Amino acid sequence: MLTLSEINIYPIKSLGGISLQSSVVEERGLKYDRRWVLVDESNTFFTQRDFPEMALIKVSVENNGLQLKHKTKTIEPLVVPFGFEHREKSDVVIWEDVVIGEFYNSQIDEWFSDIIGVKCHLVKMPETTKRVVDTTYAKNKIVSFADGYPFLIIGQASLDDLNSRLEKPLPMNRFRTNFVFTGGKPFEEDTWKKFKIGNVIFQAVKPCARCVITTTDQETAERAHEPLLTLSKYRKIDNKVMFGMNLVCESTGKVSIGDKITRLSN
C-alpha cells in the first residue's frame, strides 16, 4: 500500500521548510507554499543556489503571518503579516516568467538584506497573478513562485535506494519536496500518470531535474558533492539529474499524513 508520510511547505522560496500533518491543496500549490520570494534590486529572484545560508532562516506559520528566525545569528525575529498595505506592485522575474508581485515595506526588506548580505526585497504573489505552468507538460495550470510546477512528490524507497549508494545517508529535506510516500518500489513515482492522495486527484507531468541546492545541508548551509555526484551515475536523462516527480492537481481539497495513495491510470 502507498501511504502519504510527509507533507512539507516552503512559504518563502528557498528559506527553511515546514512539516505539516495536513494541508489544503490549492491550484497553484499547497496553501502558503512558495507564495513569497526574495528578489534583488533588479526584481529578479534568487535562491540557495546563490546564497546557501538562506537555509538557516527558519519559518513558521502563525495566526497573523509568517514568523522568521535565524538559526545561528542573534537577531530579532521578524513577522511578515498576511494582510498588509503593499508598498507597490511591480514586475518580478522568476526564471523565464515575468509576473506581478506585491512588495513589502523597507523595514522587512532590511531584515533580509542584513542577514543575507545583499540588498533585497520580499515579494508576495497576489491571487490575481496567474503564473502559467509550461504548456508543453500541462495545459491551463498555474504555479506559485516554485521553480516550475505546483507540487513535488518523492517515494521514501527512492531515497533509501540513493542512500544505499552513499557513504553517508542524506535526509529527504535535501530535495525540498511537498509529498513523501511509503510503500512501492524505488522510483515508482517515475511511472505515475494520474493518482489520488486521499480524495484529491493529481497528475504527474514531468521528472524533477535537480540542482546544487540538493548538495546544501539544510541545517548548516554547508555544501558538498553529494547527492548529485552519485545521482549523476544512474539518474541522468538528457544530461540532467532526475529525482522526484512534478505534479499538477486536477481537484482541490485537503490531504493528511496517513492518506492512501491510489493510482488511477498508468
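This write-up is about the structure you can find in this document. These numbers were taken from a predicted model, which means no experiment stands behind them. Throughout this description, residue numbers start from 1 for each chain and increase along the sequence as written. In view of the model being predicted, local features appear only for residues whose pLDDT reaches at least 70, and side-chain atom pairs are presented and counted only at 80 or more, with totals across whole chains, interfaces and linings using the full set of residues. Note that the side-chain values use all heavy atoms of the structure and ignore hydrogens as well as water.

1. A short note on the packing of aromatic side chains
Here is the rule: rings of Phe, Tyr and Trp (six-membered ring for Trp) pair when centre to centre is within 6.5 Å. Planes less than 30 degrees apart are stacked, more than 60 are edge-to-face, and the remainder are tilted. In the structure shown here, the tally under the stated rule is 15 aromatic pairs. For the pair Trp36 and Phe82, a centre-to-centre distance of 6.1 Å together with 35° between the ring planes defines the contact as tilted. One end of the pair, Trp36, is in strand β5 (residues 36–39); the other, Phe82, is in the loop between β8 (78–81) and β9 (88–94), and 46 residues separate them in sequence. Taken together, Phe151, Phe179, Phe181, Trp192, Phe195 and Phe202 form an aromatic cluster joined through their ring pairs. Charge-over-ring placement is defined geometrically: NZ (Lys) or CZ (Arg) within 6 Å of the ring centre, and within 35 degrees of the ring normal. Note that Arg165 overlies the ring of Tyr234, its terminal NZ or CZ placed 3.6 Å from the centroid. The ring centre of Phe187 lies 3.9 Å from the NZ or CZ of Arg235, which sits over that ring. Starting at the N terminus, helices and strands are each numbered in turn, a helix being any DSSP run of H or I of at least four residues and a strand any DSSP run of E of at least two.

2. Points about the nonpolar core
Counting residues in each nonpolar core, the largest one holds 43 residues, and the members touching the most others are Leu38, Leu68, Phe112, Ile153, Phe179 and Phe202. The leading source of residues in this core is helix α1 (residues 106–116), at five residues. In this description, contact between two residues means that some pair of their heavy atoms is separated by no more than 4.5 Å. Not counting residues up to four positions away in its chain, the partners in contact with Phe202 are Val25, Phe151, Phe179, Lys193, Lys194, Phe195, Ile197, Leu247, Val248, Cys249 and Glu250. Nonpolar cores are built from buried Ala, Val, Leu, Ile, Met, Phe, Trp, Tyr and Cys residues. Side-chain atoms within 4.5 Å join them into one set. Three labels apply to residues, based on accessible area from a 1.4 Å probe with only protein chains included: buried if under 20% of the type maximum, exposed if over 50%, partly exposed otherwise in between. Core analysis: the second largest hydrophobic core is formed by twelve residues, Ile154, Leu159, Leu231 and Phe243 among them.

3. Re the environment of Asp134
Relative to the assigned elements, Asp134 resides in the loop between β12 (131–132) and β13 (142–143). What makes Asp134 partly exposed here is its relative accessible area of 36%. For the pair formed by Asp134 and Ile100, sequence separation is 34 residues and the distance between their alpha carbons is 18 Å. Reaching out from Asp134, the side chain makes a polar contact with the backbone nitrogen of Thr136 at a distance of 2.9 Å. Whenever two N or O atoms come within 3.5 Å, that pair is a polar contact, provided that in protein one can donate a hydrogen and the other can accept it, and provided that, for residues adjacent in sequence, both atoms are side-chain atoms.

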